[in-house]
Amino acid sequence: MTDSKYFTTTKKGEIFELKAELNSDKKEKKKEAVKKVIASMTTGKDVSALFPDVVNCMQTDNLELKKLVYLYLMNYAKSQPDMAIMAVNTFVKDCEDPNPLIRALAVRTMGCIRVDKITEYLCEPLRKCLKDEDPYVRKTAAVCVAKLHDINAQLVEDQGFLDTLKDLISDSNPMVVANAVAALSEIAESHPSSNLLDLNPQSINKLLTALNECTEWGQIFILDCLANYTPKDDREAQSICERVTPRLSHANSAVVLSAVKVLMKFMEMLSKDLDYYGTLLKKLAPPLVTLLSAEPELQYVALRNINLIVQKRPEILKHEMKVFFVKYNDPIYVKLEKLDIMIRLASQANIAQVLAELKEYATEVDVDFVRKAVRAIGRCAIKVEQSAERCVSTLLDLIQTKVNYVVQEAIVVIKDIFRKYPNKYESVIATLCENLDSLDEPEARAAMIWIVGEYAERIDNADELLESFLEGFHDESTQVQLQLLTAIVKLFLKKPTETQELVQQVLSLATQDSDNPDLRDRGYIYWRLLSTDPVAAKEVVLAEKPLISEETDLIEPTLLDELICYIGTLASVYHKPPSAFVEGGRGVVHKSLPPRTASSESAESPETAPTGAPPGEQPDVIPAQGDLLGDLLNLDLGPPVSGPPLATSSVQMGAVDLLGGGLDSLIGGTNFVAPPTAAVPANLGAPIGSGLSDLFDLTSGVGTLSGSYVAPKAVWLPAMKAKGLEISGTFTRQVGSISMDLQLTNKALQVMTDFAIQFNRNSFGLAPAAPLQVHAPLSPNQTVEISLPLSTVGSVMKMEPLNNLQVAVKNNIDVFYFSTLYPLHILFVEDGKMDRQMFLATWKDIPNENEAQFQIRDCPLNAEAASSKLQSSNIFTVAKRNVEGQDMLYQSLKLTNGIWVLAELRIQPGNPSCTLSLKCRAPEVSQHVYQAYETILKN
C-alpha cells in the first residue's frame, strides 16, 4: 500500500494518540507515527505540540525515519527555537556517522534550520564536512555555507568558511567544484562589492575541466560563472569558446542557453576576420533551432532569447527563416513572438517567402495575430525598400476584404509607408478615403486624419472630410484630437481662403472648451504662430519631415548588451534589466559586454562612438505615435551652449518653451532661464545634438561634494534610562554614504565594554553596514565619538511615522532600547536629477490627487540661494522660470528605494514665505519631504 493512506484520515483529537505511538518501543510503530505527523504537517495541521516526542525519534539508524524527523525539524525549528537546541547533539553526532548519506543529511538539515541560536553549534560539524573524504558530503556542505551566510554573514567570514569554499574550486570531484561555484556566486550576488570569485586563467581552467563531468545543473552554475569572467585577450576568449562549444549539443535547454550566453559574450572579443568567428556563428544556429521543437512554454522562452540574439547578431540565424514560420497549433504568445523575429530577419533574399506567409496569416481567425501580421507587412515595406510596392499592393488587397480591424491596421501602417517613401504611393489615398466611415479605433482615425492633413492639396474634399471628424470633437480620444488640430492647421496653411472658419472652430474647441493641457498648449502655440507670423507657422507646421527608420522597436544598444549578459534568465524573457523587477535591488549588478580587443576592427569599438550616442550603424529608434510630446521635445537644437554666456541660452530657451508643451505652468513667455550652476568642466558637456537636454543639464547631474545639511546632535537615550549610558547623535550623508554619528558618554561608576547595535525593521531598510566599534573600554565620565556607516539594504517594514527608527544598543551591563526620527534628506541620492522631458511626462503621469501643497514660512532666500542650498542636499533644479514676478523652481529628487519626488517651489522676492507643491507616486512621503525642505532652507 502507498503512503497516500496517511493523507486520507479525518480523525479528530489524534495528537494524543500520535504522542503515544511516537513513544512506542516498536520501531515500525514509531515510523508509522512519524509518517502520520508529516502527513498532518503537510496538510496544514499544527503538530508542533509533538516536537519533543518527534525529536526523541532522531536516535535511530533507520535512514528513512531520520529523513522524516529532519523534515519535521526544518518546519518547526523556527517556531520552537528552544526545543530545536535539543536536537543539536544528534546533528553533531550524525556529522560523524560512518554512513556518508547520514553525514550529508545532517549538514543539509542544519543549513535549513534558520535559527540564530543553532548556527553557532553548526560551525564545527560544517568545518569537518567541508573537508570530508566523501565528495557527496563535501558538495552538500558547500551549499550549506551559502545558506549559513544568508543567516549570519559575519559568522561565515569569521570562521574562514569562504576560504575553504574557494579551495573547493580546486577539488578533484566535478560536482563539488560546481556546488562551490554555485555557493560563491550566490554569496557574491548578495555582496556585489566583495571579490569572492577571484577568477584567473588557472581557476578558469579548473572550471572548464570540471564542466565536462558535472550534472546538468552543475554545468549551468559553472557556465554562469564563466560568463562573469573577462578574458585578458582574444586568444584566451577563443580558447574558452572552443571548450564551451560542446555544451551546445546538451539535451537540457538551460545548459544550451547558458553556453550561448558565454559564447555571445566572448564573441565580442573575437575579430570578425578570424576563421573561427565564422565557424562559431555556424555552430550557434542549430542548437537555437532545436530549442524550437520543445513544448510551447520552452519555445516561448527560447524565442524571447533568440529575439535578443537576432538584434545583436542577425547573421547567426539569417538562413533559418523557415523555422520561425507559424504553425496552425502554436499558442498565440508563440505566434506573436515568431512574427517579431521573422520581421527582424527579413531581407531582400527572403522577402518573397515572408510576404507570402504574412498574407496567409492576415486571413486567420485570431484577431490579435491578424493585426500583428498586417502591421508586419508594413514593417517589411519600411525595412526592405525593394519589397515596398509588393507590400502596398498586398495591403490594398487586404483593405478590399472590408474586414474592419484589418482595414484599420492597414491604414495605420500605410501612414508609416508614406513617411518612409514620400511622393511614391499617394495614388492609394482615394481607396483609403472610401473606408473613412468604418474607422472606429483611435489609432486608425488618427492615422487617416494625418494622411488627409498631410496630402490635403491632393484631396479635393479634404475640408469636408476633416469637418466630419470635427462634429464629435469632444468624444474623440486625445490622440485623435491632437492629430485633428494639426491636420486642420496644415489644411489652412495650404488652402487659407476656404478654411478660415474651420481653423477658428478647431482652435477655439482646443483652447477654450478643452481641459486637456496637451491639447490646450498645442492649440495656443498654433494660435500664436498663425496670428503673429504665418510664414514662420508654415515653416514649422509644413516642415520637411525626417524619414522614419527601419526598425521602430529595437532595444536601446546599451540595454541590449546588458540583456545579452542575462541570456537564459528572467531578464531575457521580460527584456528588462534585473534592477527593473528585482525588489530592493539587493544583489543586482549591472553587467556589460567586454570591450573589443585591439585586434578587432576599430570601427566596431564602442570606445570610438561618442558617449551617449549609439554606434553609427544602429538605426534610430523612433517614438511611438502616441508620444506626441516626445516628437516636439526631440527637436534637435544644434550644439550645446558651453561656458558662461547664459544670455544666449535664455533666448533659445524661449523658443524651446514654445514647442515644449506639457505642464500648464510652463506655458507662455520667453523668459525661461537655465538654473544657476557652478562652472562645469568642458568635458562634462553632453554630446553635440542632444537637443534640450544640453540646455537643462548644465551640471550633468553631478552632485556637489559638500555633503547635505547635518542637524546638531540631540540626546537620544538619557543616562537615567540606560543605567548611566548616555547616547546623543545625528545623521549625515556625504558623497553617497549615510552614517549615524554617535556620542557615547559613561555616567555610571563602572567601566563599559562589549558594545553592539541593532536596528528594528524600518520603512527604508536602514541597517548598520558595520559593527559598532568602541576600540577601548569606556571608563566612567569618559565620552567617545563614533561614526557608524549605514546601508539601505536591510529588512523593510512601514513604520508610523514613516521616518521612525527603533534602535537597540547592548553593552556589558544590559541591552537598552530607544527610537529616533531620521531626517528624510539623508535618503536623497546623488543621481536624483531628472531630465526635463522626463519631468514633464512624469508630472502629468502622476494623478492630481497625489499633489500636496505646503507653506514654508520665514525663509527669506532668493531663488539662486535656495536652489544651490537644496542642491547640496541632492534636491536638483530641473528648470527655473519667472511668472508675474514669482520665481518658479521645478525640482526633482530620488530616494534610496527608487521613489521619485517632483517639486515646484514658488518664491516671491521680498516675501519671507514660499509655496511648495510636491507630486509623488507614494504620497505618504510628501509630508516628510516638505519637512526636509524646511530644515534645509532654514539652516
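In the nomenclature of an unreviewed UniProt entry, the protein chain is known as AP complex subunit beta of Pongo abelii. Listed under Sequence similarities (unreviewed entry) in UniProt, the entry text for the protein chain is "Belongs to the adaptor complexes large subunit family."

**Topic: the overall build of the protein chain**
Secondary structure assignment for the protein chain yields 38 helices and 14 strands. Classification of the 939 residues of the protein chain by burial places 50% in the buried group. Nonlocal contacts in the protein chain, meaning residues at least 24 apart in sequence, comprise 67% of its contacts between residues at least 6 apart. Total accessible area on the protein chain stands at roughly 43,300 Å², and carbon and sulfur atoms take up 52% of it.

**Here's the deal with unusual backbone geometry**
Cis peptide bonds are those with omega within 30 degrees of zero, and the linkage from Glu800 to Pro801 qualifies with -10 degrees. For Pro801, the location among the structural elements is in the loop between strand S7 (783–791) and strand S8 (804–810). Its identity as a non-glycine residue notwithstanding, Asn781 has a phi of 65 degrees, on the positive side. Summarising the element assignment, Asn781 is placed in the loop between strand S6 (767–768) and S7.

**Quick notes on the confidence of the model for the protein chain**
Residues of the protein chain with pLDDT of at least 70 account for 85%, and the chain-wide mean is 80. When pLDDT is averaged over each helix and strand of the protein chain, the minimum, 32, is found for helix H35 (residues 692–696) and the maximum, 93, for S6. Segment residues 598–705 is flagged for pLDDT under 50; beyond a separation of four residues in sequence, or across chains, it makes 161 contacts in the model.

**Let's talk about the sheet that holds S7**
Reading across the sheet, the five strands line up as S2-S3-S4-S7-S6 and stay open at both edges, with antiparallel pairing between neighbours. Here the strands that pair on one side only, and so sit at the sheet edges, are strand S2 (714–717) and S6.

**Structural notes on the sheet that holds strand S9 (residues 815–821)**
Strand order across the open sheet formed by three strands is S5-S8-S9, with antiparallel pairing between neighbours. Of all the strands in the sheet, the pair left with one neighbour each is strand S5 (756–759) and S9. Averaged over neighbouring strand pairs, the angle between their axes works out to 25 degrees when direction is ignored. Where S5 and S8 come together, four bridges link them in antiparallel fashion. Residue pairing across strands places Phe759 opposite Val807, the latter belonging to S8.

**Digging into the nonpolar core**
With 215 residues, the main nonpolar core has Tyr72, Leu126 and Phe418 as its most contacted residues. Mapped onto the domain boundaries, this core takes at least three residues apiece from domain 1 (346–439) and domain 2 (441–532). Leu744, Met752, Leu893 and Leu918 belong to the second largest nonpolar core, which has 62 residues in total.

**Examining the packing of aromatic side chains**
Per the stated rule, a full pass over the model turns up 11 aromatic pairs. With a centroid separation of 5.2 Å and an interplanar angle of 40 degrees, the aromatic rings of Tyr361 and Phe369 are classed as tilted. Neither Tyr361 nor Phe369 differs from the other in exposure class; each is buried. The residue whose ring lies beneath Lys415 is Trp450, and the NZ or CZ to ring-centre distance is 5.9 Å. Lys424 extends its terminal NZ or CZ atom over the ring of Tyr421, reaching a point 5.4 Å from the ring centre.

**Description of the packing of helix H26 (residues 462–470) against helix H28 (residues 500–511)**
It is the contact of H26 with H28, at a shortest axis distance of 11 Å, that shows an interaxial angle of 25 degrees. Between H26 and H28, the angle is such that the two are roughly parallel. Crossing of H26 over H28 shows left-handed handedness. Contact residues: H26 offers Asp463, Glu467 and Leu470, while H28 offers Leu502, Gln505, Val506 and Leu509.

**Points about the side chain of Asp741**
When you line up the elements, Asp741 lands in strand S4 (residues 737–746). Although Asp741 lies buried, it forms no salt bridge, and the closest oppositely charged side chain, Lys713, sits 5.4 Å away as judged by the N-O distance. At 3.0 Å, the side chain of Asp741 forms a polar contact with the side chain of Ser787. Asp741 has contacts with Lys713, Ser728, Gly729, Thr730, Thr732, Ile786 and Ser787, leaving out every residue within four places of it along the chain.

**A few points about helix H2 (residues 27–42)**
The end-to-end C-alpha distance of H2, which contains 16 residues, comes to 23 Å, matching closely the 22 Å that a straight helix rising 1.5 Å per residue would cover. Those residues of H2 that sit buried are Lys31, Ala33, Val34, Lys35, Val37, Ile38, Ala39, Ser40 and Met41. Residue Gly44 follows H2 closely and has a positive phi angle near 100 degrees.

**A word on the packing of helix H27 (residues 478–494) against helix H30 (residues 534–541)**
For the pair H27 and H30, the least separation of the axes is 10 Å and the interaxial angle reads 125 degrees. Comparing their axes, H30 and H27 come out oblique. Where H27 crosses over H30, the two elements pack in a sense that is left-handed. Listed contacts from H30 to Val489, Lys490 and Leu493 of H27 are Pro534, Ala537, Lys538 and Val541. For the contact of H27 with H30, the per-class residue count stands at five nonpolar, no polar and two charged.

**Let's talk about a negative patch on the surface**
On the surface, Glu464, Glu467, Glu471 and Glu501 cluster together into a patch of negative charge. Within the element layout of this structure, Glu471 appears in the loop between H26 and H27. A residue is classified by how much of its surface remains accessible, and Glu471, at 71% relative accessible area, is exposed.

**Here's the deal with the pattern of salt bridges**
Tallied over the full model, the rule gives 35 salt bridges. Across the salt bridge formed by Lys261 and Asp224, the nearest N and O atoms sit 3.0 Å from each other. Of this pair, Lys261 sits in helix H16 (residues 253–267) while Asp224 sits in helix H14 (residues 216–227), and the two are 37 residues apart along the sequence. On the basis of relative accessibility, which here comes to 5%, the residue Lys261 falls in the buried class. Among the residues examined, Asp224 registers a relative accessible area of 26% and is labelled partly exposed. Here Asp561 and Lys312 are joined by a salt bridge, their closest N and O atoms 2.8 Å apart.

**Examining the pairing of S7**
One ladder, built from eight bridges, connects S4 with S7; its direction is antiparallel. Paired with Thr745 across the strands is Thr783, a residue of S7. Across two bridges, S6 lies against S7 in antiparallel orientation. Bridged to Ala767 within S7 is Ser791.

**Some thoughts on the pairing of S4**
Extensive coverage of S4 is indicated by the burial of eight of its 10 residues. Two strands pair when backbone bridges link them, and strand S3 (residues 725–734) and S4 are joined in this way by 10 bridges, in the antiparallel orientation. Directly across from Arg733, in S4, lies its bridge partner Ile738. Hairpin connection from S3 to S4: two residues lie between these consecutive antiparallel strands, with Val735 at a positive phi of about 45 degrees.

**Focus: the environment of Val176**
Structurally, Val176 can be placed in helix H12 (residues 174–190). The exposure class of Val176 is buried, given its relative accessible area of 0%. With 41 residues separating them along the chain, Val176 and Pro135 place their C-alpha atoms 6.4 Å apart. The contact partners of Val176, leaving out residues within four places of it in the chain, are Pro135, Arg138, Lys139, Leu168 and Asp171.

**Looking at the environment of Glu133**
In this fold, Glu133 is placed in the loop between helix H8 (116–130) and helix H9 (135–151). Setting aside residues up to four positions removed in sequence, Glu133 forms contacts with Arg103 and Arg138.

Cut-off values and rules
- Residues numbered from 1 in each chain as written.
- Predicted model: local features only at pLDDT ≥ 70, side-chain atom pairs only at ≥ 80, totals over all residues.
- Heavy atoms only, no water.
- UniProt positions renumbered as here; feature names shortened; annotations may be inferred.
- Helix = DSSP H or I, 4+ residues; strand = E, 2+ residues; numbered from the N terminus.
- Buried < 20%, exposed > 50% of the residue type's maximum accessible area, 1.4 Å probe, protein only.
- Contact = heavy atoms within 4.5 Å.
- Areas by Shrake-Rupley, 256 points an atom, 1.4 Å probe, with all protein chains shown as cover.
- pLDDT = per-residue confidence, 0-100.
- Pairing = 2+ DSSP bridges.
- Axes fitted to C-alpha atoms, helices over the stretch in contact; angles between N-to-C directions.
- Core = buried A, V, L, I, M, F, W, Y, C linked by side-chain atoms within 4.5 Å.
- Domains from an automatic or database assignment.
- Phe/Tyr/Trp six-rings, centres within 6.5 Å; stacked < 30°, edge-to-face > 60°.
- Lys NZ or Arg CZ within 6 Å of the ring centre and 35° of its normal.
- Parallel < 35°, antiparallel > 145°, perpendicular 65-115°, else oblique.
- Left-handed = near helix turned anticlockwise from the far one by under 90°.
- Lys, Arg positive; Asp, Glu negative; His and termini not counted.
- Salt bridge = Lys/Arg side-chain N within 4 Å of Asp/Glu carboxyl O.
- Polar contact = N/O pair within 3.5 Å; in protein donor to acceptor, adjacent residues only side chain to side chain.
- Expected span 1.5 Å × (residues − 1).
- Nonpolar A, V, L, I, M, F, W, Y, C, P; charged D, E, K, R; others polar.
- Patch = residues over 30% accessible without salt bridge, like charges linked within 9 Å, V, L, I, M, F, W, Y side chains within 5 Å.
- Charge placed at Lys NZ, Arg CZ, Asp CG, Glu CD.

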